[in-house]
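Observations on chain architecture
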Amino acid sequence: MLTLHHLNDSRSQRILWLLEELGTPYEMKRYQRNAETRLAPPELKAVHPLGKSPVITDGDRTIAESGAIVDYIIRRYGKGAMMPEAGSADYEAYNEWLHYSEGSAMLPLMLNLYVGRLKEAGAPLHPRIDSELANHLGYVDAALKGRDFFVGPSLSGADIQMSFVGEMAKVFGKLEPYPNLAAWLERMHARPAFQRSIAKGGPYRFV
């Protein structure tokens, strides 16, 4: 059976949400961050050399990286749901969002997090970071104008993958200028499967 190695307050929450949306049987092994350093425990290195989450094991396969995990689970267990038909125009847009989330959108958000910890020493970097945040969040907000989901008429892996971007933007207080993104995030958090994932995964400070 597929096993999700679930770290609290991490990107693995969206994998748990995906599994709940699909109704895929799974086991969950929990890991807790160090309360002081917020780092993952060393036990995760026994699963994958990077010691990061999310990571899944499925038979003899071990898969890390959120986008790769979302893609694998939907192809392997989705029974045609939650992704457009391969080769279609919607599929290319779907694939782009899977990669965009971590490849582009998360960079200024993570820079905002870490540079913020430098306090005054990081002040010279904030104008550039804020500019990049506006660029990316504006792009995402425009893509959601008049749409309930990122791709097609129903939930897809693109929405799962992009959820952490919206959640981080909300935590940093950056969502107010982007009503389409804010409304989309509220809709995602209201889904029964998302609520089940929170109940099973434990407290999640990004909600």
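Refer to the structure printed above.
Below: a short report on this structure. (Residues numbered from 1 in each chain as written. Predicted model: local features only at pLDDT ≥ 70, side-chain atom pairs only at ≥ 80, totals over all residues. Heavy atoms only, no water.)

**Considerations on the overall build of the protein chain**
Secondary structure assignment for the protein chain yields seven helices and four strands. Overall, the protein chain shows an N-to-C arrangement of helices and strands of β-α-β-β-β-α-α-α-α-α-α. Taken over the C-alpha trace, the protein chain has a radius of gyration of 17 Å; the compact-globule value for 207 residues is 17 Å, and the two agree within 12%. C-alpha atoms of the protein chain, sized along the principal axes, occupy 50 × 45 × 30 Å. Looking at the protein chain as a whole, 47% of its 207 residues qualify as buried. Summarising the internal contacts of the protein chain: among those between residues at least 6 apart in sequence, 66% fall at separations of at least 24. (Helix = DSSP H or I, 4+ residues; strand = E, 2+ residues; numbered from the N terminus. Rg over C-alpha atoms; globule rule 2.2 N^0.38 Å. Buried < 20%, exposed > 50% of the residue type's maximum accessible area, 1.4 Å probe, protein only. Contact = heavy atoms within 4.5 Å.)

**Considerations on the sheet that holds strand 2 (residues 27-31)**
Ordered by their spatial adjacency, four strands build an open sheet running 2-1-3-4, and the pairing between neighbours is mixed. The sheet is open, and its two borders are formed by strand 2 and strand 4 (61-64), each paired with just one other strand. Averaged over all pairs of adjacent strands, the angle between their axes in this sheet comes to 20 degrees, without regard to strand direction. Examined bridge by bridge, strand 3 (residues 55-58) and strand 4 share four bridges and lie antiparallel to one another. In the strand pairing of strand 4, V55 is matched with A64. (Pairing = 2+ DSSP bridges. Axes fitted to C-alpha atoms, helices over the stretch in contact; angles between N-to-C directions.)

**Examining unusual backbone geometry**
With omega at 15 degrees, the peptide bond leading from S53 into P54 counts as cis. One can find P54 in the loop between strand 2 and strand 3. Notably, K79 is not glycine yet its phi reads approximately 55 degrees, a positive angle. Mapped onto the elements, K79 comes out in the loop between helix 2 (66-77) and helix 3 (89-116). With a phi angle near 55 degrees, K119 is a residue other than glycine that sits in the positive phi range. Structurally, the position occupied by K119 is in the loop between helix 3 and helix 4 (126-143).

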